[in-house]
Amino acid sequence: MDTPADSLPDILRQARKATRLSQHTLSLRVGVSQRHMSFVESGRARPSRELLMAWLQELNAPLVVRNAAMLQAGFAPVYTAAPLSDRALAQADHAISQLLQSHDPMPALVLDAHWNLVRTNAGGRWLALTLMPGTADLPEDAPLNMLDVLAHPEGFCRRITNLREVGPELLAHLRSDAVVLPALTPKVDAVAAMLRDRIGLSDPQAALPRPSSPMLTTRFATEHGELAFFSMYTTFGTPHDITLASLRIEHMFPANAATRAVLTAQVS
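Everything numeric here is computed off the predicted structure, so don't read it as measured data.

Observations regarding the overall build of the protein
Helix and strand content of the protein: 12 helices and 5 strands. Along the longest, intermediate and shortest principal axes, the C-alpha atoms of the protein span 60 × 50 × 35 Å. When burial is assessed residue by residue, the protein has 44% of its 268 residues classed as buried. Partitioning the intrachain contacts of the protein with sequence separation of at least 6 by distance along the chain shows that 63% fall at a separation of at least 24.

As structure tokens, this is what we get:
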């Protein structure tokens, strides 16, 4: 997985700025002088392993960032990064499968930190084929990145009927992700460019519309009529593996009876 920066000072500055903490506030929380913190962030001093671990814990830095910082400081990485198929993650893998199956026929998607589609259920596969029929021609094991799908001219956003409402909120979320994981920036910029073209605003986040309901609902135009969903997310609690820490499961719920009826009838 890509690291968010090349050097230890870069990693630490980026991690702190992602939390919007000042050096002074962070130094008080970690228990070191602001002067020493400034020296570490500028590369003039090296932290101990214990200080670095406490520093990154206080910032709630992603595990991949913590490992990158440890390596740059000359220490062994703390967290594993086993593939989901590894025996050590068998229980987690089984839990994911149960969540996906139990949510059918409604769509559920497993995404990693880079927005790669790791796994989906029958409802998710049906929705993807309905919104982008071209995905039927892809090999079953072909990697699919949801940011690429969103930015593509014939992608999911082309079917969203309330994109002016949903788009700015989505972009704000993506930009937050890119602060933590800068490798996402080119793909997020591509989504922003697509939204500028479709919404007609120079900055899609400049004029967020007033929410029309307590939950953001995404509405898709399909051959089965309009389908409307809201989403909830599942993540692993206090994971100690980078793979598990990066995963989130999006559960899409029908926002009305018509959507529920279509999915129930179409997904077997």
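Considerations on the side chain of Gln23
Mapping Gln23 onto the fold places it in helix α2 (residues 23-30). Overall, the relative accessible area of 17% leaves Gln23 in the buried class. At 2.8 Å, the side chain of Gln23 forms a polar contact with the side chain of Glu41.

Notes on the packing of aromatic side chains
The relation between two aromatic rings is expressed through the spacing of the ring centres and the mutual angle of the planes. Summed over the entire model, instances satisfying the criterion amount to 2 aromatic pairs. With a centroid separation of 5.6 Å and 15° between ring planes, the pair formed by Phe230 and Phe253 is classed as stacked. Of this pair, Phe230 sits in strand β4 (residues 225-234) while Phe253 sits in strand β5 (residues 248-254), and the two are 23 residues apart along the sequence. Looking at Phe230, the relative accessible area reads 17%, which means it is buried. Classification of Phe253 by relative accessible area gives partly exposed; the value is 27%. The residue whose ring lies beneath Arg44 is Phe39, and the NZ or CZ to ring-centre distance is 4.0 Å.

Observations regarding helix α9 (residues 163-180)
In this model, α9 (18 residues) spans 25 Å end to end at C-alpha, consistent with the 26 Å of a helix rising 1.5 Å per residue. All buried positions along α9 are accounted for by Leu163, Val166, Gly167, Pro168, Leu170, Leu171, Leu174, Asp177 and Ala178. Buried residues along α9 sit against α8 (146-151), α10 (185-199), β3 (218-222) and β5.

Quick notes on the sheet that holds β3
Spatial strand order, β2-β1-β5-β4-β3: 5 strands in an open sheet with antiparallel pairing. Edge strands, defined here as strands with exactly one partner in the open sheet, are β2 (117-120) and β3. Ignoring which end each strand starts from, the neighbouring axes of this sheet average 30° apart. Strands β4 and β5 of the sheet are contacted by helix α12 (residues 257-266), whose axis makes an angle of about 90° with β4.

Considering the packing of helix α4 (residues 49-58) against helix α5 (residues 63-72)
It is the contact of α4 with α5, at a shortest axis distance of 10 Å, that shows an interaxial angle of 155°. As far as their axial angle goes, α5 and α4 are roughly antiparallel. α4 and α5 meet at a crossing whose hand is right-handed. Contact with α4, carried on its side by Arg49, Leu52, Met53, Leu56 and Gln57, involves Arg66, Ala69 and Met70 of α5 and no other residues of that element. Looking at the contact of α4 with α5, its residues break down into 5 nonpolar, 1 polar and 2 charged.

A closer look at α2
Those residues of α2 that fall on the buried side of the exposure criterion are Gln23, Leu26, Ser27 and Val30. Projected down its long axis, α2 carries its buried residues within an arc of 100°, all on one side. Considering only its buried residues, α2 is in contact with α1 (8-19), α3 (34-42) and α4. Count one or two residues on from α2 and you reach Gly31, which has phi positive near 90°.

The rules behind these values
Residues numbered from 1 in each chain as written. Predicted model: local features only at pLDDT ≥ 70, side-chain atom pairs only at ≥ 80, totals over all residues. Heavy atoms only, no water. Helix = DSSP H or I, 4+ residues; strand = E, 2+ residues; numbered from the N terminus. Buried < 20%, exposed > 50% of the residue type's maximum accessible area, 1.4 Å probe, protein only. Contact = heavy atoms within 4.5 Å. Polar contact = N/O pair within 3.5 Å; in protein donor to acceptor, adjacent residues only side chain to side chain. Phe/Tyr/Trp six-rings, centres within 6.5 Å; stacked < 30°, edge-to-face > 60°. Lys NZ or Arg CZ within 6 Å of the ring centre and 35° of its normal. Expected span 1.5 Å × (residues − 1). Pairing = 2+ DSSP bridges. Axes fitted to C-alpha atoms, helices over the stretch in contact; angles between N-to-C directions. Parallel < 35°, antiparallel > 145°, perpendicular 65-115°, else oblique. Left-handed = near helix turned anticlockwise from the far one by under 90°. Nonpolar A, V, L, I, M, F, W, Y, C, P; charged D, E, K, R; others polar. Arc of directions from axis to C-beta.

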